[in-house]
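Each chain, written out:
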Amino acid sequence: MKFTTLATLVGLGLASLAPAQAAEITGAGATFPFPIYSKWAEAYRKESGLGLNYQSIGSGGGIKQIQAKTVDFGASDAPLKGPALEKDGLVQFPTVMGGIVTVVNIPGVEPGKLKLTGDVIADIYAGKIAKWSDARIAKLNEGLKLPDSNITPVYRSDASGTTNIFTTYLSQVSEPWKKDYGSATTISWPVGQGGKGNEGVTATVKQVPNAIGYVESAYAKQNKLSYALIQNKAGKFPQPDDKAFQAAAASADWKAAPGFGISLTNEPGDDAWPITAATFILVHKDPTDPVRTAEVLKFFDWAYKNGDKLAVDLDYVPLPDAVVSQIHDAWKEIKGKDGKPVFNM
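Sequence order sets the numbering: in each chain, residues are counted from 1 along the sequence as written. For a predicted model such as this one, the threshold for reporting local features is a pLDDT of at least 70, and the threshold for listing and counting side-chain atom pairs is 80 or more; totals across whole chains, interfaces and linings nevertheless cover every residue. For the side-chain quantities, the full set of heavy atoms in the structure was used; hydrogens and water were omitted.

## Topic: the environment of Thr162
Inspection of the secondary structure puts Thr162 in helix 6 (residues 161-173). Through-space distance from the C-alpha of Thr162 to that of Ala303 is 22 Å; in sequence the pair is 141 residues apart. Every residue in contact with Thr162, bar those within four places of it in the chain, is listed here: Phe32, Asp77, Ile100, Arg156, Asn198 and Tyr214. Strands are runs of DSSP state E lasting at least two residues, helices are runs of H or I lasting at least four, and both sets are numbered from the N terminus onward. What makes two residues a contact is simply this: any of their non-hydrogen atoms within 4.5 Å.

Structure below.
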């Protein structure tokens, strides 16, 4: 599937072959998981006849739409905290994990050849490092020919969970970044240009020579973008692949935050990718249409049981079985008008 900036408004539009009462599932939000949700939806339609219409509009849009009850589920890479979940009566659960990579468009630089550290990336996005020939970048990349060209940082122009994850990482590794900008779904970027969605950042980096951007790894892989290796907490430069994402999540305590909303950035371990994250689904605890919410849970239950290979093929990491079991327990909170759980295992 080709991803372009137009995909920010794309619905998967899978025709439903199911009985009339089983209408198409609707969802909206994060662009981070769009590639895997589209693959799961295609396979699920073939097996069940039920379609999925998912709008890849960004985490901020997904949160707003589920709050407004205009979709059956919202999707966000920036997990909501306990008070926000309680306020809106929402249940939150993760689906897969993945990595955010820094992609570059530097003539002659192949994927995985450029090395960067977190503080260097922070200073690039802060405008403090303006050229690829900067001494700090050159020191990390002895023997690699880099141009004396201006760097164009590319960022998300929409409210983005990917931005929240990326800036959370920058805040962990750079005190100046933490002090001046912090972490959020939207940032007042001092330099560079914006792109809407992971799709928009991908397209902009491809089009602008000497650009750098941050995207979910599946977008880099599918669009054959060059990427940088990022030094992790152990001082190593692992490849951004499922092994590295798994390593980052190896010691994760999923019960440590309401709605499984833990952070996986800057985790310890030689093999850990430093910008790893989970992506999340939001549904109402007391849905106005319990039947449709039950269909949402059936879809993701199917994905947990049957979608691991499709996820791995796109460099996402499936959740551990123990976490899936905890998610099924959390689903018991989602009840119909009769007070019973809408989804029965």
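## Things to note about the layout of surface pockets
Approximately 320 Å³ is the volume attributed to the largest pocket. In terms of lining, the largest pocket is formed by 19 residues, of which the most central are Pro79, Asn164, Gly261, Ile262 and Ser263. Among the elements of the structure, helix 6, strand 11 (264-265) and strand 12 (275-284) are those that each provide at least two residues to the lining of the largest pocket. The leading source of residues in the lining of the largest pocket is strand 12, at 4 residues. Across the lining of the largest pocket, the residue classes tally to 10 nonpolar, 7 polar and 2 charged. When its volume is computed, the second largest pocket comes out at roughly 210 Å³. Lining of the second largest pocket is provided by 15 residues; of these, Leu85, Gln92, Pro258, Gly259 and Glu333 occupy positions nearest its centre. Secondary structure elements with two or more residues in the lining of the second largest pocket: helix 3 (82-88) and strand 4 (90-104). Residue polarity follows a fixed list, in which Ala, Val, Leu, Ile, Met, Phe, Trp, Tyr, Cys and Pro are nonpolar, Asp, Glu, Lys and Arg are charged, and the others, Gly among them, are polar. When the residues that make up the lining of the second largest pocket are grouped by side-chain class, the tally is 8 nonpolar, 3 polar and 4 charged. The pocket and cavity definitions rest on a 1 Å grid over protein atoms only: a 1.4 Å probe that fits but cannot leave marks a cavity, an open set with protein on both sides within 12 Å along at least five of seven lines marks a pocket, and residues lining either have an atom within 4 Å of a point. Grid points are joined across faces, edges and corners, and a volume is the space filled by probe spheres set on the points.

## Structural notes on the side chain of Gln92
Relative to the assigned elements, Gln92 resides in strand 4. Only protein chains enter the calculation, and the probe is 1.4 Å; a residue is then buried if its accessible area is under 20% of its type maximum, exposed if over 50%, and partly exposed in between. Classification of Gln92 by relative accessible area gives buried; the value is 3%. Contacts described as polar in this section are N or O atom pairs within 3.5 Å, which, within protein, must combine one atom able to donate a hydrogen with one able to accept it, while residues neighboring in sequence count only if both atoms come from side chains. At 2.7 Å, the side chain of Gln92 forms a polar contact with the backbone nitrogen of Leu80. Within the structure, Gln92 has its side chain in polar contact with the backbone oxygen of Gly259 (distance 2.9 Å).

## A short note on helix 8 (residues 197-207)
Extensive coverage of helix 8 is indicated by the burial of 9 of its 11 residues. What helix 8 keeps buried is the set Gly197, Asn198, Glu199, Gly200, Val201, Thr202, Ala203, Thr204 and Val205.

## Some remarks on the packing of helix 1 (residues 34-48) against helix 11 (residues 290-306)
Every axis corresponds to a line fitted to the C-alpha atoms, with the helix fit spanning only the stretch in contact, and the corresponding angles, defined between N-to-C directions, vary from 0 to 180 degrees. Where helix 1 contacts helix 11, the two axes come as close as 11 Å, and the packing angle between them is 100 degrees. The angle between the axes of helix 1 and helix 11 places the two elements in the roughly perpendicular class. Side by side, helix 1 and helix 11 meet where Tyr37, Trp40, Ala41, Ala43, Tyr44 and Glu47 of the first sit next to Lys298, Phe299, Phe300, Trp302 and Ala303 of the second. Throughout this description, any angle smaller than 35 degrees is read as roughly parallel, any larger than 145 degrees as roughly antiparallel, any in the 65 to 115 degree range as roughly perpendicular, and the remainder as oblique.

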